[in-house]
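If you want the building blocks of each chain, they are given just below.
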Amino acid sequence: MRISSAVAALGMAALVSAEVYLHETFSDGEAWKDRWTLSTHREDLGKLEVSPGKWFADEDKSAALRTTEDYRFYALSTPIKPFNNKDKDYVVQFDVKNDQSIDCGGSYIKLFPEAGFDPKTFNGESQYNIMFGPDFCGSKAMVHAILNYNGKNHDLKKTVSAPNDVYTHTYTLIVKPDQTYQILVDGEEKAAGDLLEDWDFLPPKTIKDPNAKKPEDWVDEAEIDDPEDKKPEGWDDIPEFIADPEAEKPEDWDDDMDGDWEAPSIPNPEYQGPWKAKRIPNPAYKGEWVHPEIDNPDYKVDNEIYAYTTGHLGFDLWQVKSGSSFDNLLITDDIAEAEKVRKESLELAEKEKEAKKAYDEAQKAKEAEEASKEEEAAKAVDEEVTIDLDEEETKEEETKEEEEVKKPVKDEL
């Protein structure tokens, strides 16, 4: 099948237009510190390092930015090649490994506008475009997808669960020019749909007519008391409680001392409660009144909610237990490139299970060796104490023998 020159040209244009704005792999040693800026907003921010973590399939490929201090905030950012994704896909993707069995802490990223962002004063109040990624606390393990529109942050109305284990997982957010989106975890779609349906960016299209009021003579009571139903005679004469007919006065009851004896009360089995008339359909019922709606004057169609001008990526995290690793931070308009990077990450992550098994076995062997050394050391101390005691006993016996020898001589003298 031949491809026309026009189609080929369009295909080439698409290839040329696809661009990667950031792909951070932390694979060049300490050079990452030249690209990333630590916030000075707080003096007690946690320290980070580049490390493959406790276990890894490939020490070089698994090198990632890792939190190192418990009970700390973390805040740092890096510039991105400035871009606007108007008429383009917007792909945000990165890897997270929580090998510390995270109990409470964030593992998400934030994307910021090109203008108005100061890396040095960056903090939790800094306005962002997108906040995306997993967050954990207790039994809660969810993926945030918060998008800013006109200066206000809007949460995804759907709930997306995050895998809560000690292995690497890849999180992907795709926002498209047709105002649809996808959220993938390890390449598997966890949420998708329309931006306008799954976020409350815009006010409702219609509102209740402020000038409309329910008519005063509107009857919206579906049932009424039957006017012909009458309360039976003697209904109110039946008491709710009666004296227990089976109760007997105690033999030791003294009327002079204890007063007149009265049987305890029990619920009256004949009591039927307050009388209520039977209910019948209301012949005047008009149905439930529905408030008329009109077009909302504040509603305006916006076909560019998806588009952002982006210039920075940052971490703004709190972690109770440190040890989270971040790698393969990718910002692009190329879905195919993101899929390629994700595939490589997942292939490496699959090998982590064997690495974790080997790590656990090595830890057990190390603990067993340390326990054996402690046991030998304790045994050596016991033997040394025993020898010292034996020596003391020998000295005491020798002294006793000497005294026995000297005693006859003293007696003769």
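All figures in this text were calculated on a predicted structure; none of them were measured in a lab. (Residues numbered from 1 in each chain as written. Predicted model: local features only at pLDDT ≥ 70, side-chain atom pairs only at ≥ 80, totals over all residues. Heavy atoms only, no water.)

Things to note about the overall build of the protein
So, point 1. Along the backbone of the protein there are five helices and 22 strands.
So, point 2. Taken over the C-alpha trace, the protein has a radius of gyration of 40 Å; the compact-globule value for 413 residues is 22 Å, which it surpasses by more than 25%.
So, point 3. Over its C-alpha atoms, taken along the principal directions, the protein stretches across nearly 135 × 115 × 50 Å.
So, point 4. Distance between charge centroids for the protein: 9 Å, based on 50 positive and 100 negative side chains. (Helix = DSSP H or I, 4+ residues; strand = E, 2+ residues; numbered from the N terminus. Rg over C-alpha atoms; globule rule 2.2 N^0.38 Å. Lys, Arg positive; Asp, Glu negative; His and termini not counted. Charge placed at Lys NZ, Arg CZ, Asp CG, Glu CD.)

Points about the state of the cysteines
So, point 1. Tallying each qualifying case throughout the model produces one disulfide.
So, point 2. Cys104 shares a disulfide with Cys137; S-S distance 2.2 Å. Between Cys104 and Cys137 the sulfur-sulfur dihedral comes to about -85 degrees; the bridge is accordingly left-handed. Here Cys137 lies in strand E9 (residues 130–137) and Cys104 lies in strand E7 (residues 104–106), a separation of 33 residues in the sequence.
So, point 3. Classification of Cys137 as partly exposed rests on a relative accessible area of 35%. (Disulfide = S-S within 2.5 Å. Buried < 20%, exposed > 50% of the residue type's maximum accessible area, 1.4 Å probe, protein only.)

Let's talk about the pairing of strand E13 (residues 180–185)
So, point 1. For E13, the buried fraction is high: five of the six residues fall into the buried class.
So, point 2. Pairing between strand E12 (residues 168–175) and E13: five bridges, direction antiparallel. Directly across from Ile174, in E13, lies its bridge partner Gln182.
So, point 3. Between E12 and the antiparallel strand that follows it, E13, lie four residues; Gln179 among them carries a positive phi value of about 65 degrees.
So, point 4. Relative to strand E14 (residues 188–194), E13 is paired through six bridges, and the arrangement is antiparallel. Of the residues in E14, the one forming a bridge with Tyr181 is Gly193.
So, point 5. What sits between E13 and E14 in their antiparallel hairpin is a turn of two residues, with Asp186 showing a positive phi close to 55 degrees. (Pairing = 2+ DSSP bridges.)

Re the pattern of salt bridges
So, point 1. Under the criterion given, the structure shown has 22 salt bridges.
So, point 2. Here Asp135 makes a salt bridge to Lys140, at a shortest N to O gap of 3.7 Å.
So, point 3. Note on Asp135: relative accessible area 13%, which makes it buried.
So, point 4. Classification of Lys140 by relative accessible area gives partly exposed; the value is 36%. (Salt bridge = Lys/Arg side-chain N within 4 Å of Asp/Glu carboxyl O.)

Regarding the side chain of Arg66
So, point 1. Following the sequence through the fold, Arg66 ends up in strand E4 (residues 64–67).
So, point 2. Overall, the relative accessible area of 11% leaves Arg66 in the buried class.

Some thoughts on the UniProt feature "binding site: an alpha-D-glucoside" (unreviewed entry) in the protein
So, point 1. Those places that UniProt annotates as "binding site: an alpha-D-glucoside" (unreviewed entry) correspond, in this numbering, to Tyr108, Lys110, Tyr128, Asp135 and Asp316.
So, point 2. With respect to the element layout, Tyr108 can be found in the loop between E7 and strand E8 (109–113).
So, point 3. With relative accessibility at 12%, the residue Tyr108 sits in the buried group.
So, point 4. For Tyr108, the contacting residues outside a window of four places in its chain are Phe94, Met131, Phe132, Gly133, Pro134, Asp135, His144, Phe315, Asp316 and Leu317. (UniProt positions renumbered as here; feature names shortened; annotations may be inferred. Contact = heavy atoms within 4.5 Å.)

Brief notes about the environment of Thr78
So, point 1. Mapped onto the elements, Thr78 comes out in strand E5 (residues 72–84).
So, point 2. Under the relative-accessibility criterion, Thr78 is labelled buried at 3%.
So, point 3. Counting along the chain gives 315 residues from Thr78 to Glu393, while the straight-line C-alpha distance between them is 75 Å.
So, point 4. Side-chain polar atoms of Thr78 contact the backbone oxygen of Arg35, separated by 2.8 Å. (Polar contact = N/O pair within 3.5 Å; in protein donor to acceptor, adjacent residues only side chain to side chain.)

What about a nonpolar patch on the surface?
So, point 1. On the surface, a nonpolar cluster with roughly 310 Å² of combined accessible area is contributed by Tyr71, Phe73 and Trp318.
So, point 2. As for its position among the elements, Phe73 is in strand E5.
So, point 3. Classification of Phe73 as partly exposed rests on a relative accessible area of 32%. (Patch = residues over 30% accessible without salt bridge, like charges linked within 9 Å, V, L, I, M, F, W, Y side chains within 5 Å. Areas by Shrake-Rupley, 256 points an atom, 1.4 Å probe, with all protein chains shown as cover.)

What about the environment of Asp34?
So, point 1. Mapped onto the secondary structure, Asp34 falls in helix H2 (residues 32–35).
So, point 2. Spatially, the C-alpha atom of Asp34 lies 16 Å from that of Asp118, the residues being 84 residues apart in sequence.

Side note on unusual backbone geometry
So, point 1. Located in the positive-phi region is Ser101, a residue other than glycine, with phi close to 55 degrees.
So, point 2. Its place among the elements puts Ser101 in the loop between strand E6 (90–98) and E7.
So, point 3. The backbone phi angle of Asn150 is positive, close to 55 degrees, even though this residue is not glycine.
So, point 4. Looking at where Asn150 falls in the secondary structure, it is placed in the loop between strand E10 (140–149) and strand E11 (152–155).

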